[in-house]
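# Observations on the model geometry
One letter stands for each residue in the lines below.
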Amino acid sequence: MTAELSITSNFTFLTGASHPEEYMQRAALLGLKAIAIADENSVAGIVRAFTAGREIARQVAERQAFDAAQGLVGPPAPPHLPAPASAPVYNIPRLIPAARLVFAEGIEITALAASRSGWARLCRLISQGRLRAQKGHCDLRLPDLLDGAEGLELLLHGPPQPRTLQPGAVGWRTQAERLTRRLGKQMHLVLSPQYDGQDRARFDSLAALAADLGLPTVASACPRMHHGRRRRLADVLCAIRLGCRVEQLGRAALANSELRLRSEAEMRTLLGIHCDAVSRADALAERCDFDLGALRYEYPSEVAKGETAQQRLARLARAGLKWRYPYGAPDKVQAMLAHELDLIARLKYEPYFLTVRDIVAFARDRGILCQGRGSAANSVVCYCLGVTSVSPEIGTMVFERFVSEARDEPPDIDVDFEHERREEVIQHIYERYGRHRAGLCATVIHYRGKRAIREVGAAMGLSRDTVGALSSQLWGFFSSRGLEDQRMREIGLDPTDRRLQLTMQLIHEIIGFPRHLSQHVGGFIITEGRLDELVPIENATMEDRTVICWDKDDIDSLGILKVDVLSLGMLTCIRKAFALMSRHYGKTYTLATLPPEDPEVYDMLCRADSVGVFQVESRAQMNFLPRMRPRNFYDLVIEVAIIRPGPIQGDMVHPYIRRRNGEEAVSFPSDALGQVLGKTLGVPLFQEQAMQIAIIGANFTPTEADRLRRSLATFKKHGSVSEFRDRFLRGMRANGYEADFAERCFSQIEGFGSYGFPESHAASFALLVYASAWIKCHHPELFACALLNAQPMGFYAPAQIVRDAREHGVEVRPVSVNDSYWDNAMEPDGRGGLALRLGFRQIKGLREEDAAWLTAARGNGYLTVRDVWRRAGLTPPVLARLAEADVFADIGLTRREALWEARALVGDAPLPLFAGDMGGEMMNEPAALLPEMTEGEQVVEDYVAMRLTLRRHPLALLRHLLTPEDGAAPWTPE
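Just so you know, these numbers come straight off a predicted model, no measurement behind them.

### Quick look at the overall build of the chain
- A tally of helices and strands in the chain yields 41 helices and 18 strands.
- Among the 974 residues that make up the chain, the fraction classed as buried is 55%.
- Relative to all contacts within the chain whose residues are 6 or more apart in sequence, the contacts with residues 24 or more apart total 73%.
- Total accessible area on the chain is roughly 42,500 Å²; 52% of this is exposed by carbon and sulfur atoms.

Right, dumping it as structure tokens:
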């Protein structure tokens, strides 16, 4: 056996030049039995290596089973690599979790997690260093390690110049002796080549140092890349990290391509007489038997008041059933609830549902509107727990599709909260579970086209103009590699230029490399025990937030609980509209109690009158609504999902419309697929249907279909969907399906790779479509007010929202110094109705704090600009901003007059000449005769100050120029 115990992957950002997955595959080819991915103060890339190892094992098992079925003798070759000529035994490498710890004292140690306790200690150690530093940095100190290193094997890296007695080396040795005295039984000294011609002398010196310290030596190539061909990319990454050009790297550049993963034979040759260190590395790897798969199912128990999680979930679900169905639940729903509770109990997922329920209950107690979505959210259990307001009686989803004994993975529930109040929910989770038990997932920021061109181009010394020209052709370069030369010539570049060719090669090579870690939009991982013993925790850039270093794909791979606490602007809008409805009309509604299936709402949508309506406000949706003509809730489910890249790319939209309109007969490729495609008239529109087609039509196993589903979620990152193409088309052909249908189905699956939309998500969103459309239909004034108060969000700017409201008969009144508040508000219109009064929030650049002072000091009203200045304490620049927005019009001041008065004010207090008369009339200079503004000037200033106007549309002022009089020539630009 042989092992490599100190590998640097590209999760040591801008240093390592290979993916963790590439190391696993290369180790398999080289015959290594164990490798340790040891990134600097991080375990961010370990799960990817672990997942790659499982995939290699699966492929080998499939190949072995195939060979056995064929009666073939001999070991299989790896399916993803060419078969060796001698057909050696193919070894599946084992991953040893590790990290390379860099201490402030100048010591570097690779820490191997030999046991579960060792992994916990390693995670807590990294967390200590990360939490005392800013995001992206780590401040580790030797006392942190000396406090305890149970379950860890420690590989000490030697000083840079062990043969000399420089001051730095003496300091290093003092620290090394200190470590050896405390942790000697766990310590080893690393023999690693530097490939500089001095390795043999270095090995002798390190061996002597190890003997003095009483430490055994172990061998490691300490690779930075899985293959020597990555040397150029390694130098480019280094140049990006240092902010210089490649030719300016000097000693920072790699001297050669030797810092790569090596086989046992190569290591023994390099070490010469010290080759016994290779055997000791093998023995050490044997002692490290911890496996990342042991980290699963550490969920919070959610036990309360002596009730088990199972008892508590059943009680809450049955109580919720009575709440949802006060007059008795249908037999079908009761049977579904019993079935779901039984399945959840068998899989022991009760804590997951209880965690989500408790988070939602907190939000509802605080009056925060929320709505669950995701695979398991649209179930009877979630409906009864209040997680979702979508009734399960729509009968479109099967619970086992998401919570399955076969897949053995946690369900998926996303909960959307009001975007203005989600932070309250996030801080509640931290407070309830503690920061040692809860943290946000990371998002790995990978190199994409523009960033790759910009940073690689700069490192390679391309001019800014050249980099800009390359960026302008981004789509052409990455959608059709064969046309690069033509594209370059079109923008004036020479495709035969050596530097440019090399730059493009490196750009394509760096695509998909991790750049840095960012914060997930809301994915929380919550554990029963200490989270920092499961994965390291670090500070986020955002204040009062802590995150882990694994992203959602890593969490899924390990089967760890994740609850997505997301934000949605439309929920803010709907909640504010409900509040306005209660205040002004005395009606109380929730998402679940809105009058269902209102024909007037569907009539409005059929007219494409959907400005501001959730999900159907885009031009594409407005164009499609009159063709779709939705008449019930499930039509909205389809409407939400159909205008997406998946159905569009797969040419599913037009066939569906033709069948819906009776222009084409509804047919199914087979009876089996008819059960899957019946509700969508034989046309696959949802991600779940695509998965079912793969299973039923192409003979995919549930495991293969799950791999396909995962590849859809990570297509932008890895582009792995196409690897299933041949397998899919072969399976469809074997079952007698036409090639054209198979191609269209797979084309749709590839579309989902860019943006897939499951039916469960579409159902949750459809409820918000209906709710927002209902409010707009019956209370357009309240909808416009709420929509403006929820900005920024949505598809349309405030100017379009105001114009649409006025077209629906809503009276909109301007911002007024005496009548407006920060938020837009409703006020009596004098005719028994309500008018919309614009608020101070519409004024560009005005702070809410200033508006609060203005309204608090208003009393019975202001009379002059100076009055506002004196009573509200607003500074002259703020008053000038108010004047520019024409808020003083209702006290008889034009925009210019108000601005003139505001400009006359100086500082924060009256001028000394008038300081003695603060309560009475103050002396004013003679009124200035200012020219009146034209309507066109007023409109321009409205847009400058508020980005909207209540005067005529700007084009109305030019209409006489655009529409020629009889016999006159039309106006044309010069």
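Once the structure has been displayed, the description carries forward.
### With respect to the sheet that holds strand β2 (residues 34-37)
- Pairing is parallel in the open sheet, where three strands are placed in the order β1-β2-β3. Either end of the sheet is taken by a strand with one partner, and the two such strands are β1 (3-7) and β3 (94-95).
- Most of the contacts of helix α1 (residues 20-30) go to β2, to which it runs at about 160°, and overall it touches β1, β2 and β3.
- Sheet strands in contact with helix α9 (residues 276-287) are β1, β2 and β3, and its direction is about 80° off that of β1.

### Comments concerning the pairing of β1
- Counting buried residues along β1, five of its five residues qualify, which places the element largely inside the surrounding structure.
- Pairing between β1 and β2: three bridges, direction parallel. Paired with glutamate 4 across the strands is isoleucine 35, a residue of β2.
- The β-α-β motif built from β1, the intervening α1 and the parallel element β2 has right-handed crossover chirality.

### Quick notes on empty space enclosed by the protein
- Tallied over the entire structure, the rule returns four cavities of 30 Å³ or more.
- Within this model, the largest cavity holds a volume of roughly 70 Å³.
- Lining the largest cavity are 13 residues, with Thr2, Ala3, Glu4, Ala219 and Met267 sitting closest to its centre.
- Elements represented by at least two residues in the lining of the largest cavity include exactly β1, α8 (264-271) and α9.
- Of the residues that constitute the lining of the largest cavity, the class distribution is six nonpolar, three polar and four charged.

### A few points about the packing of helix α23 (residues 619-628) against helix α26 (residues 653-660)
- Interhelical geometry of α23 versus α26 gives an angle of 30° and a closest axis separation of 10 Å. For the element pair α23 / α26, the angle class is roughly parallel. Packed against α23, whose contacting residues are Phe624, Arg627 and Met628, the element α26 presents Val653, His654, Tyr656, Ile657 and Arg660 at the interface.
- Split into classes, the residues belonging to the contact of α23 with α26 amount to five nonpolar, one polar and two charged.

### A few points about the nonpolar core
- Grouped together as the largest cluster of nonpolar side chains are 110 residues, with contacts concentrated most on Trp119, Leu292 and Trp550.
- Setting aside its immediate chain neighbours within four residues, tryptophan 119 contacts Val43, Ile46, Pro97, Ala113, Phe290, Leu292, Leu295, Glu533, Leu534 and Trp550.

### Some thoughts on unusual backbone geometry
- The omega torsion of the bond from glutamine 791 to proline 792 falls at 5°, within 30 degrees of zero and hence cis.
- Among the secondary structure elements, proline 792 is positioned in the loop between α34 (780-789) and α35 (798-807).
- The phi torsion at leucine 681 lies on the positive side, around 60°, for a residue other than glycine.
- With respect to the secondary-structure elements, leucine 681 resides in the loop between α27 (671-677) and α28 (687-696).

### Regarding the packing of aromatic side chains
- If you walk through the whole model with that rule in mind, you get 11 aromatic pairs.
- Pairing tryptophan 119 with tryptophan 550 gives two aromatic rings, centres 6.2 Å apart and planes at 15°, and the pair type is stacked. With tryptophan 119 in helix α3 (residues 116-131) and tryptophan 550 in the loop between β14 (546-548) and α20 (552-558), this pair connects stretches of sequence that are 431 residues apart. Tryptophan 550 carries the same exposure label as tryptophan 119, and that label is buried.
- Taken together, a centroid distance of 6.2 Å and an interplanar angle of 70° make the contact between phenylalanine 700 and phenylalanine 728 edge-to-face. Remark: phenylalanine 728 occurs in helix α31 (residues 725-734) and phenylalanine 700 occurs in the loop between α28 and α29 (702-713); sequence separation between them is 28 residues.

### Regarding a nonpolar patch on the surface
- A surface patch of nonpolar side chains, amounting to about 310 Å² of accessible area, comprises Leu955, Leu958, Leu961 and Leu962.
- Within the secondary structure, leucine 962 sits in helix α41 (residues 959-962).
- Overall, the relative accessible area of 37% leaves leucine 962 in the partly exposed class.

### Details of the sheet that holds strand β8 (residues 217-219)
- Spatially, five strands are ordered β4-β5-β6-β7-β8 in an open sheet, and the strand pairing comes out mixed. Each edge of the sheet is formed by a strand with only one pairing partner; in this case those strands are β4 (98-102) and β8. Recorded for the sheet is a direction-independent mean angle of 35° between the axes of neighbouring strands.
- Pairing geometry for strand β7 (residues 187-191) and β8, over three bridges, is parallel. Bridging across to β8, leucine 189 finds its partner in threonine 217.
- Of the strands in this sheet, β5 (108-113), β6 (152-156), β7 and β8 touch α9, which is tilted by about 90° from β8.

### A few points about helix α24 (residues 633-642)
- Here α24 lies mainly inside the structure; 10 of its 10 residues are buried.
- Listed as buried for α24 are Phe633, Tyr634, Asp635, Leu636, Val637, Ile638, Glu639, Val640, Ala641 and Ile642.
- Of the residues that open α24, the one with a side-chain oxygen 3.2 Å from the backbone nitrogen of tyrosine 634 is asparagine 632.

### So, the packing of helix α7 (residues 231-242) against helix α15 (residues 449-459)
- Packing of α7 against α15 brings their axes to within 9 Å, and their N-to-C directions diverge by 95°. Classified by the angle between their axes, α7 and α15 sit roughly perpendicular to one another. Of α15, the residues touching α7 (which contributes Val236, Ala239 and Ile240) are Glu455, Val456 and Ala459.
- Of the residues that constitute the contact of α7 with α15, the class distribution is five nonpolar, no polar and one charged.

### Concerning the pattern of salt bridges
- What the rule picks out here adds up to 63 salt bridges.
- Residues glutamate 108 and arginine 100 are paired through a salt bridge, measuring 2.6 Å at the closest nitrogen-oxygen approach.
- On the basis of relative accessibility, which here comes to 18%, the residue arginine 100 falls in the buried class.
- For arginine 262, the salt bridge goes to glutamate 258, with nearest N and O atoms at 2.2 Å.
- We classify arginine 262 as buried; its relative accessible area is 5%.
- For glutamate 258, a relative accessible area of 27% gives the class partly exposed.
- Taken together, the shared-partner salt bridges connect Glu811, Arg813, Asp819, Glu827, Asp829, Arg831 and Arg837 into one network.

### Digging into the confidence of the model for the chain
- Overall, the predicted model of the chain reaches an average pLDDT of 84, with 87% of residues at or above 70.
- Low pLDDT, under 50, characterises residues 83-88; the stretch is placed with five contacts to residues that sit more than four places away or in other chains.

### Examining the side chain of aspartate 598
- Residue position: aspartate 598 is located in the loop between α21 (569-585) and α22 (599-606).
- Arginine 631 is the oppositely charged side chain nearest to the buried, salt-bridge-free aspartate 598, at an N-O distance of 8.1 Å.
- A polar side-chain atom of aspartate 598 sits 2.9 Å from the main-chain amide nitrogen of glutamate 600.
- A distance of 3.4 Å separates the side chain of aspartate 598 from the side chain of tryptophan 774, its partner in a polar contact.
- Sequence-distant contacts of aspartate 598, that is, excluding residues within four places in its chain, are made with Tyr770, Trp774 and His778.

Thresholds, definitions, all that
- Residues numbered from 1 in each chain as written.
- Predicted model: local features only at pLDDT ≥ 70, side-chain atom pairs only at ≥ 80, totals over all residues.
- Heavy atoms only, no water.
- Helix = DSSP H or I, 4+ residues; strand = E, 2+ residues; numbered from the N terminus.
- Buried < 20%, exposed > 50% of the residue type's maximum accessible area, 1.4 Å probe, protein only.
- Contact = heavy atoms within 4.5 Å.
- Areas by Shrake-Rupley, 256 points an atom, 1.4 Å probe, with all protein chains shown as cover.
- Pairing = 2+ DSSP bridges.
- Axes fitted to C-alpha atoms, helices over the stretch in contact; angles between N-to-C directions.
- Right-handed = clockwise from strand over helix to strand, strands pointing away.
- 1 Å grid on protein atoms, 1.4 Å probe; cavity = no way out; pocket = protein on both sides within 12 Å on 5 of 7 lines; lining within 4 Å.
- Points joined across faces, edges and corners; volume = space filled by probe spheres on them.
- Nonpolar A, V, L, I, M, F, W, Y, C, P; charged D, E, K, R; others polar.
- Parallel < 35°, antiparallel > 145°, perpendicular 65-115°, else oblique.
- Core = buried A, V, L, I, M, F, W, Y, C linked by side-chain atoms within 4.5 Å.
- Phe/Tyr/Trp six-rings, centres within 6.5 Å; stacked < 30°, edge-to-face > 60°.
- Patch = residues over 30% accessible without salt bridge, like charges linked within 9 Å, V, L, I, M, F, W, Y side chains within 5 Å.
- Salt bridge = Lys/Arg side-chain N within 4 Å of Asp/Glu carboxyl O.
- Polar contact = N/O pair within 3.5 Å; in protein donor to acceptor, adjacent residues only side chain to side chain.
- pLDDT = per-residue confidence, 0-100.
- Lys, Arg positive; Asp, Glu negative; His and termini not counted.

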